[in-house]
Every structure is written in C-alpha cells, then in structure tokens.
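Per-entry structural report
Each chain, written out:
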Amino acid sequence: MSTSTQARPTARAASSKPAADESERRPPRRKFGLGRALAWLVLGVSLLITLFPFYWMLRTALTDGNHLYSDSTSLWPEHFTFANFKRVLGLASDEESRAAGGSGADLDFLLYTRNSIIYTTAIVVGQTLSCAMAGYALARLRFRGREFAFAVVVGALMVPPIFTLLPNFVMVKDLGMLNSFAGMVAPTLLMTPFTVFFLRQFFMSIPREIEEAAMLDGAGHWRIFWRVVLPMSKGPILTIALTTAVWAWKDYLWPLLVGNEPDNRVLTTGIGVFLQQSPNARPDWTGLMAASTLSVIPMLILLVVFGRRIVNGLNFTGLK
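Residues numbered from 1 in each chain as written. Predicted model: local features only at pLDDT ≥ 70, side-chain atom pairs only at ≥ 80, totals over all residues. Heavy atoms only, no water.

A word on unusual backbone geometry
The backbone of Asn179 shows a phi angle near 55°, a positive value even though the residue is not glycine. Within the secondary structure layout, Asn179 lies in the loop between α7 (165-174) and α8 (181-185). (Helix = DSSP H or I, 4+ residues; strand = E, 2+ residues; numbered from the N terminus.)

Some thoughts on a nonpolar patch on the surface
Together, Leu47, Leu51, Phe54, Val296, Ile297, Leu300, Ile301, Val304 and Val305 make up an exposed nonpolar region whose accessible area comes to about 810 Å². Of all elements in the fold, only α2 (34-61) and α15 (285-313) reach the threshold of two or more residues within the nonpolar patch. The element that contributes the greatest number of residues to the nonpolar patch is α15, accounting for 6 residues. Within the secondary structure, Phe54 sits in helix α2. (Patch = residues over 30% accessible without salt bridge, like charges linked within 9 Å, V, L, I, M, F, W, Y side chains within 5 Å. Areas by Shrake-Rupley, 256 points an atom, 1.4 Å probe, with all protein chains shown as cover. Salt bridge = Lys/Arg side-chain N within 4 Å of Asp/Glu carboxyl O.)

Observations regarding the layout of surface pockets
Quantified by volume, the largest pocket comes out at close to 900 Å³. In terms of lining, the largest pocket is formed by 26 residues, of which the most central are Pro161, Thr164, Thr188, Thr192 and Trp247. Elements with a minimum of two residues in the lining of the largest pocket: α5 (109-140), α7, α9 (193-205), α12 (234-250) and α13 (253-258). Of the residues forming the lining of the largest pocket, the biggest block, 4 residues, is contributed by α12. A breakdown of the residues in the lining of the largest pocket according to their chemical character gives 17 nonpolar, 8 polar and 1 charged. Quantified by volume, the second largest pocket comes out at close to 510 Å³. Every residue lining the second largest pocket is counted, 17 residues in all, and those nearest its centre are Phe54, Ser292, Ser295, Val296 and Ile297. Of all elements in the fold, only α2, α12, α14 (267-276) and α15 reach the threshold of two or more residues within the lining of the second largest pocket. The leading source of residues in the lining of the second largest pocket is α15, at 8 residues. Along the lines of polarity and charge, the residues of the lining of the second largest pocket split into 12 nonpolar, 4 polar and 1 charged. (1 Å grid on protein atoms, 1.4 Å probe; cavity = no way out; pocket = protein on both sides within 12 Å on 5 of 7 lines; lining within 4 Å. Points joined across faces, edges and corners; volume = space filled by probe spheres on them. Nonpolar A, V, L, I, M, F, W, Y, C, P; charged D, E, K, R; others polar.)

Laid out in structure tokens, this is it:
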C-alpha cells in the first residue's frame with residue numbers, strides 16, 4: 001500500500017512537469033495598451049480609405065442607371081440590379097440596356113478581355129524569363145563589360161518611362177507593327193531595368209557552394225540556371241511575374257497609341273472608348289463601373305491564389 005501511494009504523487013508530478021514546461025515556453029501575452037489601440041485604429045482607418053473606392057465602384061455598378069443621381073447619398077444601392085453587368089457582357093438587348101439607364105454605347109467586353117489576357121501573358125512570360133537569364137548572367141558569369149552592362153541597367157532605372165514613349169512609337173511604326181500584338185508587347189517583352197536589377201540582386205545572394213557542387217557533377221551554366229537556380233528562386237520569380245501582370249493588365253497609354261483598332265484593343269482602352277462613345281449628355285457611370293469591377297476580378301484572383309505563396313517563398317538568402 002505504501003509503495004502505491006508513493007507512486008501516485010510521483011506520476012502526477014511527472015505528468016504535470018511537461019505542462020509546466022509548455023507554459024514556460026509560451027511567449028507572454030502582450031497587454032492591449034493605448035499604443036496598440038492607436039495602431040489598430042490607424043490600420044483600420046487606412047484599410048477603410050483604401051477599400052472604400054472599390055466598394056463605391058461596386059455600389060455604383062449595382063445601381064439602376066435611371067436612379068443613380070437620386071440615390072447618390074446612399075451607401076447601399078436602393079434600386080439594386082444586375083442589369084449593368086448583363087449589358088456590359090453583351091447579354092442584354094438594346095431595349096433592355098436603355099431601360100436600365102444605359103447610354104447605347106457598345107462594349108465588346110469578352111473580346112477586350114481576351115486581348116488583355118494575350119497582352120499580359122506575353123509580357124509576363126517573355127519578360128520574366130529573359131530578365132531572369134540577364135540577371136543570372138550579370139550576377140554569376142564573368143565576361144568583359146559586365147560591370148558596364150550593369151551600370152547601364154542601373155542608369156536606365158533613372159529614366160522615366162514617358163521619355164521612351166515617343167522613340168518606341170516611332171520604332172514600332174517604322175517596323176510596320178502598329179495595331180498588332182507584336183508592336184504592343186515589343187518594348188517590354190524582353191526586359192525592364194528594375195526586373196533585371198531585382199533578380200540580379202537575389203541571384204547574388206545564392207551561395208556559390210551550391211553552384212560549385214553542381215559543376216562538380218558536370219553541370220554547365222545553362223543547366224545550373226534551369227535545374228538549380230530557378231527552382232530556388234520561386235519566390236522572387238512569382239513576385240516579379242505577379243507585379244508585371246498587374247502592371248501590364250492596367251497599362252493604358254501604350255496600348256492606346258499602338259493598338260487602337262477594335263480587334264487589338266485591350267480592356268483598359270476598350271473601357272476608355274466606351275466612356276467616350278456615350279451619346280448621352282452624361283457618361284454611362286453604371287456601365288463603366290460594372291466593366292471596371294469585372295476587369296479587377298482576374299488580378300484579384302491572382303493575388304488570392306499566389307499572394308500567400310509569394311510571402312512564404314520569398315526569402316533573400318537563397319536557402320530554404
């Protein structure tokens with residue numbers, strides 16, 4: 001009996017010891033003081049200011065065009081309707097469009113969306129691959145003029161894009177590539193200075209021992225780039241691809257100059273033409289906001305799908 005009674009407290013002490021260790025390992029909870037309350041308040045106000053224009057765009061798109069100005073002070077569309085989305089997508093007749101407050105202007109949304117997808121995909125694929133190869137060459141290969149080439153890339157970062165607009169337009173016109181996808185993607189298909197600089201800085205952070213080990217196995221620079229460096233650079237590559245996609249998707253001025261024919265218009269220029277072609281005295285704000293809302297959805301999907309991967313995979317040490 002004595003041995004059993006002595007074993008029970010020992011067992012209890014042994015079982016309670018891990019719990020005590022776990023409680024000691026847990027970080028102490030921070031007190032919710034005035035500083036944290038102010039930080040959350042500033043964060044909430046900043047988030048509200050950032051998201052409110054998107055909410056108002058959606059609210060306008062869901063409002064009947066005939067009652068838009070009468071409901072201008074309401075935060076919620078009192079005359080709720082999906083007719084604006086239907087007529088933007090070409091699913092409503094002319095009578096239904098005018099009954100919903102439409103202007104009568106046409107917007108081939110599906111065609112312009114297809115053109116934007118082609119334009120964005122070509123720039124993202126071409127620019128990401130070519131800039132990755134250029135960045136790797138400037139970071140790892142030894143050749144005459146390497147430092148000068150990198151200095152030219154850094155110098156190009158200082159040149160505003162508007163300064164190269166006219167020379168690029170003249171070049172595309174002389175090559176006979178106006179109103180074509182080739183002319184639209186030509187200036188940014190192969191490289192942009194920031195992308196080369198960004199990837200070059202990351203490739204320099206990869207330990208050389210990894211490449212030397214691959215060379216001992218008989219791999220050359222080309223094989224090392226595709227089999228070793230690129231798999232280790234998923235975070236930066238995804239970051240560059242996503243930022244390039246967002247930039248190309250919202251690009252307006254260059255596609256307007258080079259691809260203004262209906263068959264080559266991207267979504268941004270198509271929406272601009274739709275606004276200008278409104279035959280009424282006032283713009284078709286409900287249709288414009290419906291088209292703008294639909295144009296945001298593809299980039300929003302990309303951010304939701306790849307945003308967490310970029311945050312988890314983007315490390316600048318070259319190791320995982």
